Every structure is written in C-alpha cells, then in structure tokens.
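Single-letter residue listing:
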Amino acid sequence: MKLHSVLMPVPALDPALRLLRDTLAVPLRFADGARYAAFDSPLRVALAAGDERIADAPALVVRVDDLDAALARLVADGAAVRRAAHDGPHERRAVVTAAGLDLVLSQPHRTGA
C-alpha cells in the first residue's frame, strides 16, 4: 500500500482553488468543475498530539520563507488567524483559516544567526 493524497473537504471549491492556486501558487493538476481539484505537490502526512497539536482539524502545512509577510497576505485576502505567530520547537508558525481550509504556516528556524 502507498499513501496517495490527503482529501480536504471544503465548503466550496472555487474559494479554496483560488487560495491554493493563486495565493499560495500550488500548481493545479486537475479540476472537475466545482466538485474536485487536485494539485501537483509532494505531500507528507504528519500526525501531531500533545503540545504539537496546534490545529483541531486537518490542516495543510505551508512552508514559508517569511511568516509575517505570508500571514499578512493571507489576512489581507480574508483569512482568519486561529493561532498567532509563535515559536515552536522546530519552526516559527501560525494557524489560519481561509476558504474553509485550515493552514499551518511554518517558517523554519534560521541557524547560525
């Protein structure tokens, strides 16, 4: 067996499609009207419990170079901040909801600074 993808239910496809394709620049692989869309992206499945459980629903983790800039752009596009930017053990991160999707924004800690 091999994991293929993570299916994320959304209230409406068009806003989620615009968020992923246009705002986050994830390449669209296939769309079937207003029913289904698939994206070309290597996707890792991650599990989190205890202090690492920073989202209560399935969430897409988006690696960013500048957390503050990414957060500002998403908020300007209508995202709601669920957990403000903060330092985690491995990265700086924040949680937002946009277009019915929960996103964890993750900026790796810089080393050697």
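Residues numbered from 1 in each chain as written. Predicted model: local features only at pLDDT ≥ 70, side-chain atom pairs only at ≥ 80, totals over all residues. Heavy atoms only, no water.

Quick look at the nonpolar core now. Counting 18 residues, the largest nonpolar core has Leu19, Leu60, Leu74, Val96, Leu101, Leu103 and Leu105 as its most contacted members. Of all the secondary-structure elements, those providing two or more residues to this core are α1 (13–23), β3 (59–63), α2 (67–76), β5 (91–98) and β6 (101–108). Among the elements that make up this core, the one with the highest residue count is α2 (4 residues). Ignoring sequence-local partners within four residues, the contact set of Leu105 consists of Val62, Leu67, Ala70, Leu71, Leu74, Arg92, Arg93 and Ala94. (Core = buried A, V, L, I, M, F, W, Y, C linked by side-chain atoms within 4.5 Å. Buried < 20%, exposed > 50% of the residue type's maximum accessible area, 1.4 Å probe, protein only. Helix = DSSP H or I, 4+ residues; strand = E, 2+ residues; numbered from the N terminus. Contact = heavy atoms within 4.5 Å.)

As summarised here, the arrangement of the 4 strands in space is β3-β6-β5-β4, forming an open sheet in which the pairing is mixed. Each of the sheet's edge strands pairs with one partner strand only, and the pair in question is β3 and β4 (80–87). Here the average twist between neighbouring strands, direction ignored, is 15°. For β3 and β6, the ladder comprises 5 bridges, and the chain directions are parallel. By the bridge assignment, Arg63 is partnered in β6 with Ser106. In the packing of α1 onto the sheet, contacts are made with β3, β5 and β6, and the angle to β6 comes to roughly 15°. (Pairing = 2+ DSSP bridges. Axes fitted to C-alpha atoms, helices over the stretch in contact; angles between N-to-C directions.)

Another point: the side chain of Ser106. With respect to the helices and strands, Ser106 occurs in strand β6. Assessed through its relative accessible area of 3%, Ser106 is described here as buried. With residues up to four places along the chain from it excluded, the contact list for Ser106 reads Val61, Val62, Arg63, Val64, Glu91, Arg92 and Arg93.

Throughout the structure, instances matching the rule amount to 1 aromatic pair. Seen from their ring centres, Phe30 and Tyr36 are 6.4 Å apart, and the 50° between their planes marks the pair as tilted. Here Tyr36 falls in the partly exposed class, since its relative accessible area comes to 35%. (Phe/Tyr/Trp six-rings, centres within 6.5 Å; stacked < 30°, edge-to-face > 60°.)

This paragraph deals with the environment of Asp51. By secondary structure assignment, the location of Asp51 is in the loop between β2 (36–39) and β3. Assessed through its relative accessible area of 75%, Asp51 is described here as exposed. A sequence separation of 41 residues divides Asp51 from Val10, and the C-alpha atoms of the two residues are 26 Å apart.

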